[in-house]
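Overview (structure and organization)
Spelled out, the chains give:
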Amino acid sequence: MRITREDVVSQLLAGASDRPVESADVYAPANIALCKYWGKRCSELNLPVTGSLSLSLGSYGSHLRMSRMTEATTDRVTHNGVALSADTAFVRTLTAYLDLFRAGAYFNIETRNTIPTAAGFASSASGFAAAVRGLDTLMGWALSPQALSSLARLGSGSACRSVYDGLVEWDVGSSEDGMDSFATPLRDQWPDLRIGLLVLTDKTKPIGSRQAMQHTVDTSPLYRAWPETVASDLATIKAAITERSFERLGQAVEGNAMAMHSTMFAARPSVIYWTPETVATITRVRQLRDEGLMVYCTMDAGPNVKLLFLHASQEAIEAAFPDVVVTNAYNGDV
Ligand code: DP6
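The shown structure was predicted, so the numbers you read here are calculated from the model rather than taken from an experiment. In this numbering scheme, every chain counts its residues from 1 along its sequence in written order. Selection of residues for local features in this predicted model requires a pLDDT of at least 70, selection of side-chain atom pairs for listing and counting requires 80 or more, and totals for whole chains, interfaces and linings are taken over all residues. Side-chain numbers here rest on the full set of heavy atoms in the structure, without hydrogens or water.

**What to know about the nonpolar core**
Quick reminder of the rule: Nonpolar cores were defined as sets of buried Ala, Val, Leu, Ile, Met, Phe, Trp, Tyr and Cys residues, with membership established by side-chain atoms within 4.5 Å. We call a residue buried when its accessible area falls under 20% of the maximum for its residue type, exposed when it is over 50%, and partly exposed in between, using a 1.4 Å probe and counting protein chains only. We count a stretch as a helix when DSSP gives it H or I for four or more residues in a row; a strand needs E for two or more, and each element gets its number in order from the N terminus. Contacts: residue pairs with any heavy atoms within 4.5 Å of one another.
Counting 80 residues, the largest nonpolar core has W38, L53, Y97, L135, L151, L167 and L249 as its most contacted members. With eight residues, helix α3 (residues 124–139) is the single largest residue contributor to this core. Leave out the neighbours within four places in its chain, and L249 touches W190, L193, I237, A240, I241 and L308.

**Details of the side chain of N31**
Applied cut-off: Nitrogen and oxygen atoms within 3.5 Å of one another constitute a polar contact, given that in protein one can donate a hydrogen and the other can accept it, and given that sequence-neighbouring residues count only through two side-chain atoms.
Along the chain, N31 falls in strand β1 (residues 23–35). By relative accessible area, N31 is classed as buried at 9%. From its side chain, N31 meets the backbone oxygen of S158 in a polar contact 3.2 Å long. Separated by 2.8 Å, the side chains of N31 and R161 make a polar contact. Here N31 is in contact with S54, L55, S56, L57, A125, S158, R161 and S162, once residues within four sequence places are set aside.

**Quick notes on the site of the ligand**
Here is the rule we go by: If even one non-hydrogen atom of a residue comes within 4 Å of a molecule or strand, that residue is called near it. Residues are grouped as follows: Ala, Val, Leu, Ile, Met, Phe, Trp, Tyr, Cys and Pro are nonpolar; Asp, Glu, Lys and Arg are charged; every other residue, Gly included, is polar.
Lining the immediate environment of the ligand, one finds 17 residues, of which Y37, K40, S156, G157 and S158 sit closest. Within the side chain of K40, a nitrogen or oxygen atom sits 2.6 Å from an oxygen atom of the ligand. A per-element tally of the shell around the ligand places helix α5 (residues 209–219) first, with three residues. For the shell around the ligand, the per-class residue count stands at six nonpolar, six polar and five charged.

**So, unusual backbone geometry**
The residue after R268, namely P269, is reached through a cis peptide bond having omega -5°. Residue position: P269 is located in the loop between α7 (246–265) and α8 (276–290). The residue N46 is not glycine, and still its phi comes out positive at about 50°. Note on placement: N46 falls in the loop between β2 (40–42) and β3 (47–48).

Below you can see the structure in the form of structure tokens.
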């Protein structure tokens, strides 16, 4: 029997409290995968083919205010102060997600992103994680982080990692209903890690990540090698974090992103997110490394490049990339 999102939601909310409040004001950070989630074994529940591991972006993410509207006939969504039309991709996915929880009511949602929204950083991960936090507060469910992570996954896979700060691992799980596929923070954290965001273009992407992911799984002959690549990269990344070996970490992180993009290049027709600026930036990162600066890069389903480096290299990175936005997963808390 096919398991639906409704089935999973009723399981997760079974033990929840019920103390609704007037409105909720919440926040969730965006995250960048160091070992990528790329491919689903079940698209209804966003269950992944492999595990993945990310670093959250601290104060770069989504603020969300949420309340219920009794008289309304649709949800109202405002993003960075602008009302979003019901036919934008984000509102459609969000509304379909809220259908799982509305119990007759519609929602008024105001979101504000602190992450550069221009190109590909308008993160669905922080948006859905914030929506789940908002629902939890508004309905007074008081759910565990594990349940919040599972609910966020139903909105967007990578959102299950945005429920936490720092280094976070999403377990692949094996059960059909996905109850064992949620994220948890790593025991070993590394407060000196930094991610630098480079906005290289503000053009919209040729194809969304959800569609590109499925198309790659369906048509790329290289996808067969992906689960094995991830198994090895995940093990290396976790060992490198424990050992505090930045070079080992960076090599695995960069290699994992290159392997993911290789699966896309080989899809038929191929998916190419890279622009000339992407390639120039990757080349520059290598050149800086040759000159002795420890910096590595990663790319998601888009043209922008994210830099991985240690706090001690921040000044040199800012000198080499004057427009870089440096994020700190820990915001000085760890
Ligand atoms: C390349 O989480 O956006 O950023 O589950 O379909 O919503 P859906 O996909 P999404 O995919 C993220 C893909 C990625 C890699 C990652 O974040 O791990």
